[in-house]
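Report on the structure
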Amino acid sequence: MPTHKLSFTIGGMHCAGCAASIERAVKKLPGASDVYVNFAAKTLSLQAEDGVLGPDDICAAVQKCGFSAVYHDSQHEAAASAAGLDATAAEDAGGFRRFVVAALFAALLSYVAMHAMFGLPFWSLTHGQSRLLQILLLLPVLIAGREFYRNGLPALLRGAPNMDTLIAIGTAAAIIYSLLPLHGHDDGHHLYFETAGMIIAFVLLGRFLEGRSRQRASGAIRELMNLRPETARVIRDGQEQQLPIADLAIDDHIRVLPGEKIPADGVIVDGSSTIDESMLSGESLPVEKFPGDRVTGATINQHGALVFKATQVGDNTTLAHIIRLVADAQGTRPPIARLADAVAGYFVWIVLAIAAASFVAWSIAGVGSDQALRFALAVLVIACPCALGLATPIALIVGIGRGATLGILIRNGKALEAAGKVRTVIFDKTGTLTLGQPEVAHVMLAPDSTFTSDDILAIAAAAEAQSEHPLAKAICREAQRRKVATAHVSDFQALPGLGLRCQHDGHELILGTERLMREQQITLDDWLNRDFPAMSLIYLAMDRRCLAVIGIADRIKPEAQAAIAQLHSMGLKTIMLTGDRRESADIIARGLAIDRVEPELLPGDKASIIRAIQAEAPGRLVAMVGDGINDAPALAQADVGIAIGSGTDVAMASADIVLMRNNLHHVAAAIALSRATLRIIRENLFWALGYNVVGIPLAAGVFYAFGGPALNPIFGAMAMAFSSVAVVTNALRLKRFSPAQN
């Protein structure tokens, strides 16, 4: 049954356990598949069967879990992401106020509780008076941290405990234990009110810092949305008026003055200028624009005044496509995250079990209820599923966001992970390694030919006029440059990947590759043995006899050699695919130091060659770099398809990564960014797992049993509060990623 993607913004999540409980609930719905709740991005995405599962059903399921869900379609995904950032900012502001209240009263509470221990000045109080004062000071702290109880205890009753549950149970146990009448007469007995207060204050601090850091990490979408101007100068009925960009329509004529942002995609109809397109491509040099040239929304007009006709507005502009792509990619789950997400789903139950076992074991061991409670409380507050749940998605958000600012659009987490593991990079030649603007370099005639080179070009141009192939266009351009009269041809028949057949003045004409000549059993005479270095050759035969050969050369991109060398320095193998004859392909490959060449290929052969290369070394991932259109089957076959394009065609469906700049250096940059992101993910997972693997046994008293230290619950809360911050801060290093440094 057909499915479609649904996306939601989730409110009320505070840890990976929350995300896991929502994910489990939605997976149980009929018609739901590929369910993923991204704790870092606060989003839910899934595939829903048409006619079986709708947005209302999912919102209801999420609400039953104790959270809110807001549905947004793909056209408004960017706006929803921005709204989520605004909600996070508001939440952070409230969180900071709650932390200040909790910290102030927790500090006063600690002073009252521990002044005698440190010999600090304070008036004399009985144990009962001190306990009453501590309770009064604790109340504002509990009010500031009420979310832990309001969210955590109901989650436990629903059978889906989360981080709030651990804090609520731990602090409630400490408070109840301190309130027990059993200890009311014992002036030497330590009360745990200040422990509960400090735990709440530290957790609120950690949550606030984590939220601020996460907002910084998620800022790429907001930065992209801020590129759009608010208004535009629209010329309607001969009158210029200032309108909100939401009111723009296709075919509107829009005036842009120097220094203003272009409000939509379009084509210049009047004026010329230079445009700063760095937001699109990362290219700092401005681009000259004249009537007939395309302009892209959010780029900046630098010097001259322009009038352009809008071709795409609103959610259909290039910028809107980019924002949707980035938002969608940041909400995906890479394969590397699956194990961590599975562990996080059961983590809180495991921690509750360990805390209970610790309390029972130490009580049986005879250390006393005070110490047993300390161990159990330390286990509850040191455990941190948040770090585990944030480890992968937060790095993915920052890495994909950083890529977008560099003109590297990565479609999803799976593509990023695969790109980081690539070992072989395959290039299409024409338009990728070369400029894609081939020119006729030579026309060689048969010795006894009665035709001139202009005659040959006139015939060839007439035959190739209907073809979109770059070599065909080169022949047509040369005929136009020489101003030769176009010949008449008829009965045109295209031979894909080889050439064409037609009729000219009653003669059969065959135009195409050497392979076509052989297949048609046309003899290639000795005069054709002359060397044509680094040229693509088009043979022209009439009535089964070769009359001429047209040599076409395409210049290598200036940066190609350095880009290939950069890939080699990263330990990558390079391969070139081309339809050129072997002699020409070998010359180009030697000049670029490419490791391997596969020449004389038909368009359909490229995917088969990639399949064969993948079979040669299973497990060594292969990337294919092409133009995203003619190379679609090859891009789809590769483990990672990289489309290197014009900067405006961001909807290259066959590509996993789209490079907005037509610059080969960005191939290495995309792979380096993916590697850097994977490295951060591994570091985060190592920290999150290592922290919990070491911290929980330490808190439970395992080391204490063998003469080692025992952990004070307050220090456990401090460690937990900053563990998530450490993960997010580590991910933020990716914002400083620079291709020049990798």
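Predicted, not measured: the structure shown is a model, and the values here were computed from it. (Residues numbered from 1 in each chain as written. Predicted model: local features only at pLDDT ≥ 70, side-chain atom pairs only at ≥ 80, totals over all residues. Heavy atoms only, no water.)

**Observations regarding unusual backbone geometry**
Peptide bonds are, in most cases, trans, and in most cases residues other than glycine have a negative phi. Short version of the rule: Going along the chain from the N terminus, every DSSP run of H or I of four or more residues is numbered as a helix, and every run of E of two or more is numbered as a strand. Here's how the labels work: a residue is buried when its accessible area is under 20% of the maximum for its type, exposed when over 50%, partly exposed in between, all with a 1.4 Å probe on protein chains only.
The residue Lys-483 is not glycine, and still its phi comes out positive at about 60 degrees. One can find Lys-483 in the loop between helix H17 (470–482) and strand S17 (490–495). Owing to a relative accessible area of 75%, Lys-483 belongs among the exposed residues under this scheme. We note that Arg-544 has phi near 70 degrees; this positive angle belongs to a residue other than glycine. Mapped onto the elements of the fold, Arg-544 is located in the loop between strand S20 (536–542) and strand S21 (545–553). With a relative accessible area of 38%, Arg-544 lands in the partly exposed category.

**A word on the pairing of strand S13 (residues 306–312)**
Threshold: At least two bridges found by DSSP between two strands is the condition for calling them paired.
Of the strand pairs in this sheet, strand S7 (residues 253–256) and S13 are connected by four bridges, and their pairing is antiparallel. Within S13, the position partnered with Ile-254 by the bridge is Phe-308. Pairing between strand S8 (residues 265–270) and S13: five bridges, direction antiparallel. Bridging across to S13, Ile-268 finds its partner in Phe-308.

**A closer look at the sheet that holds strand S9 (residues 273–276)**
Strand order across the open sheet formed by three strands is S10-S9-S12, with antiparallel pairing between neighbours. Two strands in the sheet have a free side with no partner beyond their single neighbour: strand S10 (287–289) and strand S12 (300–301). The sheet contact formed by S9 and S10 spans three bridges and is antiparallel. Residue pairing across strands places Thr-274 opposite Glu-288, the latter belonging to S10.

**A look at the packing of helix H4 (residues 127–144) against helix H7 (residues 193–217)**
Our working rule: To define axes, lines are fitted to C-alpha atoms, for helices over the stretch in contact only, and angles between the resulting N-to-C directions are given on a 0 to 180 degree scale. Roughly parallel refers to an angle under 35 degrees, roughly antiparallel to one over 145, roughly perpendicular to one between 65 and 115, and oblique to any angle outside these ranges. Crossing handedness: left-handed means the near helix sits turned counterclockwise from the far one by under a right angle, and right-handed means the same turn made clockwise. By definition in these notes, contact holds between two residues if any of their heavy atoms fall within 4.5 Å. Classification convention: Asp, Glu, Lys, Arg as charged; Ala, Val, Leu, Ile, Met, Phe, Trp, Tyr, Cys, Pro as nonpolar; all other residues, Gly among them, as polar.
Contact geometry for H4 and H7: axes closest at 9 Å, N-to-C directions at 20 degrees. The orientation of H4 relative to H7 falls into the category roughly parallel. Considering the relative orientation of H4 and H7, their crossing is left-handed. Counted together, Arg-131, Gln-134, Ile-135, Leu-138, Val-141, Leu-142 and Ala-144 of H4 and Phe-193, Glu-194, Gly-197, Ile-200 and Leu-204 of H7 form the full contact between these two elements. Its residues placed into classes, the contact of H4 with H7 shows eight nonpolar, two polar and two charged.

**Quick word on the UniProt feature "domain: HMA" (unreviewed entry) in the protein**
Heads up, the rule is: UniProt positions are given in the numbering used here, feature names are shortened, and annotations may be inferred rather than shown by experiment.
This chain's UniProt record puts "domain: HMA" (unreviewed entry) on residues 4–70. Within the segment residues 4–70, helix and strand shares are 33% and 37% respectively, and the terminal C-alpha atoms sit 17 Å apart.

**A few points about the sheet that holds strand S24 (residues 621–626)**
Backbone-to-backbone hydrogen bonds join strands into a sheet, with any given pair of strands oriented parallel or antiparallel. Read across the open sheet, the seven strands follow the order S14-S26-S25-S24-S15-S22-S23; overall the sheet is mixed. Each edge of the open sheet carries a strand with a single partner, namely strand S14 (408–410) and strand S23 (596–598). When strand polarity is set aside, the average angle formed by the axes of neighbouring strands in this sheet is 20 degrees. Here strand S15 (residues 422–428) pairs with S24 via five bridges, running parallel. In the strand pairing of S24, Phe-427 is matched with Val-625.

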